[in-house]
Amino acid sequence: QVKLVESGGGLVQPGGSLTLSCAASGLGAGNYVMTWYRQRPGKAREFVALILSVGGKSQTTGSLKDRFHISRDSPDNLILQMNSLKPEDTAVYYCGARHSEFDYVPEHWGQGTQVTVSS
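Quick caveat, the model's predicted, so the values are computed rather than measured.

**What to know about the packing of aromatic side chains**
Summed over all chains, the structure comprises 5 aromatic pairs. Ring centres of Tyr37 and Phe47 lie 5.6 Å apart, and the angle between their planes is 80°; this geometry places the pair in the edge-to-face category. With Tyr37 in strand E4 (residues 33-39) and Phe47 in strand E5 (residues 46-51), this pair connects stretches of sequence that are 10 residues apart. Classification of Tyr37 by relative accessible area gives buried; the value is 10%. Judged by relative accessible area, Phe47 falls into the buried class, the value being 18%. Where Tyr94 meets Trp109, the ring centres are 6.4 Å apart and the plane angle is 90°; that geometry is what we call edge-to-face. Taken together, the positions of Tyr94 in strand E9 (residues 91-98) and Trp109 in strand E10 (residues 108-109) put the pair 15 residues apart, joining distant regions of the chain. Clustering of aromatic rings is evident, with ring pairs tying together Tyr37, Phe47, Tyr94, Tyr104 and Trp109. Directly above the ring of Tyr94 sits Arg45, whose terminal nitrogen or CZ lies 3.7 Å from the centroid.

As structure tokens, then:
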């Protein structure tokens, strides 16, 4: 039973930074692609970034690539470093996991963590 628990969200001023974490349990053997998505108010859930392994291939959506960085500091811990935050980044951020190296649409989701960027 895969469990994903996000943490690190909160209120931050425009231009500030936050680091989100996702602690995974129950992944077991095999390769899991891990991802971040977000859902902004009134918008559909959207892809943010993915990573294949610790120190492995990663990809961040073009609109966020210069400000957001995804990493895995262990197989079971996913990180999203967010810099130069803007009010438009306000969203619930979700951690996802998929047992594959070839497709990344999550089959497991966390409950999300709220990020609010406001003065």
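Still more to cover.
**A word on the pairing of E9**
Taking burial as the measure, the 8 residues of E9 include 6 buried ones, the bulk of the element. In this structure, E9 lies alongside strand E11 (residues 113-117), joined through 3 bridges in antiparallel fashion. Note on E11: the bridge partner recorded for Tyr93 is Thr113. Pairing between E9 and E10: 2 bridges, direction antiparallel.

**Side note on the state of the cysteines**
All told, the structure shown has 1 disulfide when counted by the stated rule. Disulfide pairing places Cys22 opposite Cys95 at an S-S distance of 2.1 Å. With the S-S bond torsion at -75°, the cross-link from Cys22 to Cys95 turns out left-handed. Taken together, the residues Cys22 in strand E3 (residues 18-25) and Cys95 in strand E9 connect sequence positions 73 residues apart.

Analysis parameters
Residues numbered from 1 in each chain as written. Predicted model: local features only at pLDDT ≥ 70, side-chain atom pairs only at ≥ 80, totals over all residues. Heavy atoms only, no water. Phe/Tyr/Trp six-rings, centres within 6.5 Å; stacked < 30°, edge-to-face > 60°. Helix = DSSP H or I, 4+ residues; strand = E, 2+ residues; numbered from the N terminus. Buried < 20%, exposed > 50% of the residue type's maximum accessible area, 1.4 Å probe, protein only. Lys NZ or Arg CZ within 6 Å of the ring centre and 35° of its normal. Pairing = 2+ DSSP bridges. Disulfide = S-S within 2.5 Å.

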